[in-house]
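# Analysis of the macromolecular model
Here are the chains, one letter per residue:
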Amino acid sequence: MNQISPLAYVHPEAQLGDNNIIGPFCFIDRNTVLGDGNMLQNSVTINYGARIGNNNEIMPGASLSTKPQDLKFRGEESVCIIGDNNSIRENVTISRGTASKGKTVVGNNNLLMENMHIAHDCVIGNDCIIGNSTKLAGEVIVDDKAIISATVLVHQFCRVGSYVMVQGGSRTSMDIPPYIIAGKEPIRYAGINTIGLRRRGFSNELIELIHNAYRTLYNYNGTRAEAIEEIRRTLTITPEIEYIIGFVESSQRGIIK
């Protein structure tokens, strides 16, 4: 049974599962779907096109599936898909998609801290932490288990790899490859995220292998394509190394220096 405050508004066409708590001054629009076991504290807005899973905690002032901040948006049908077990803190805003992809996606078990923004058509993976006041522009991709610190600005179309740690206050207009620390001004490769990888159960041997891949990638006296060939020739190609290679080869904006 849902617990809905008499001071909340839920549109008659909204689809609610079971055991949700809807606090006072919440607004849930039409064409929305809310799963089971979600807690919406006071003053949460669930806008048109939201598709929200189960067991999410959404704090006051959050506004989900907002109209895209994109002048090309012409009111086309689009959605904002949010998975399960996310902690969405105060004043977080997440836009729904545009004609480009049709959807913005946030996965499972993410911590989205106060006042951060996810723009239209972004894809956020699972188990990510995104810090206070960080802003992700349109069509940004964040892979699983990334940590992006506070007040980071990410340019549209960028991709952030898994297991990264991005320093607070950074700005990037290029892709950030997996397993690394990215920081300083201007943003650049600052080594392997060794502590984070150890906490996630990576062995010392695997961490060293990843480190060797990046030594080659960033220090090789030749083109990036030649550096990739050197990695393939000299290192054991585990799934982690293949992920690095695939990330770099598919990068549209290029990776940070």
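Just above, that's the structure.
## A short note on the side chain of T98
With respect to the helices and strands, T98 occurs in the loop between β14 (93–95) and β15 (103–106). Apart from the residues within four sequence positions on either side, T98 is in contact with P68, D70, F73, E76, S78, H120 and D121.

## Considering the packing of aromatic side chains
Throughout the structure, instances matching the rule amount to nine aromatic pairs. Note on Y9 and F27: the rings are 5.4 Å apart at their centroids and 20 degrees apart in plane angle, and the pair reads as stacked. Pair noted here: Y9 is in strand β2 (residues 9–10) and F27 is in strand β5 (residues 27–28), with a separation of 18 residues, a long-range link. Residue classification places Y9 among the partly exposed positions, given a relative accessible area of 38%. In this structure F27 comes out as partly exposed when scored by relative accessible area, which is 32%. Judged by centre distance (5.6 Å) and plane angle (20 degrees), the ring pair of Y163 and Y179 falls under stacked. Taken together, the residues Y163 in the loop between β24 (159–160) and β25 (165–166) and Y179 in the loop between β26 (171–172) and β27 (180–183) connect sequence positions 16 residues apart. In this structure an aromatic cluster arises from ring pairing among Y163, Y179, F202, Y243 and F247. If you follow R224 out to its NZ or CZ, it ends over the ring of Y218, 5.5 Å from the centre.

## Thoughts on the environment of L7
Summarising the element assignment, L7 is placed in the loop between β1 (3–4) and β2. Each C-alpha atom of the pair L7 and N42 lies 9.4 Å from the other, and the pair is 35 residues apart in sequence. L7 has contacts with P24 and F25, leaving out every residue within four places of it along the chain.

## Regarding the packing of helix α2 (residues 204–219) against helix α3 (residues 224–234)
Viewed as axis vectors pointing N to C, α2 and α3 meet at an angle of 150 degrees, and their least axial separation amounts to 8 Å. Comparing their axes, α3 and α2 come out roughly antiparallel. Viewed along their axes, α2 and α3 form a crossing whose handedness is right-handed. Two secondary-structure elements touch here, α2 through A213, T216, L217 and Y218 and α3 through R224, A227, I228, E230 and I231. In the contact of α2 with α3, the residues fall into six nonpolar, one polar and two charged.

## Notes on the pattern of salt bridges
Tallied over the entire structure, the rule returns 10 salt bridges. Taking the shortest distance from any N to any O, the salt bridge between K101 and E139 comes out at 2.7 Å. Separated by 38 residues along the polypeptide, K101 in the loop between β14 and β15 and E139 in the loop between β20 (135–136) and β21 (141–142) bring together distant segments of the chain. When the shortest N-O distance is used, the salt bridge between E249 and R232 registers 3.9 Å. In this pair, E249 sits in helix α4 (residues 239–250) while R232 sits in helix α3, placing the two residues 17 residues apart along the sequence. Each of R232, E242 and E249 takes part in one network of salt bridges that share partners.

What counts and what doesn't
Residues numbered from 1 in each chain as written. Predicted model: local features only at pLDDT ≥ 70, side-chain atom pairs only at ≥ 80, totals over all residues. Heavy atoms only, no water. Helix = DSSP H or I, 4+ residues; strand = E, 2+ residues; numbered from the N terminus. Contact = heavy atoms within 4.5 Å. Phe/Tyr/Trp six-rings, centres within 6.5 Å; stacked < 30°, edge-to-face > 60°. Buried < 20%, exposed > 50% of the residue type's maximum accessible area, 1.4 Å probe, protein only. Lys NZ or Arg CZ within 6 Å of the ring centre and 35° of its normal. Axes fitted to C-alpha atoms, helices over the stretch in contact; angles between N-to-C directions. Parallel < 35°, antiparallel > 145°, perpendicular 65-115°, else oblique. Left-handed = near helix turned anticlockwise from the far one by under 90°. Nonpolar A, V, L, I, M, F, W, Y, C, P; charged D, E, K, R; others polar. Salt bridge = Lys/Arg side-chain N within 4 Å of Asp/Glu carboxyl O.

These values are about where atoms sit, not about what they do.
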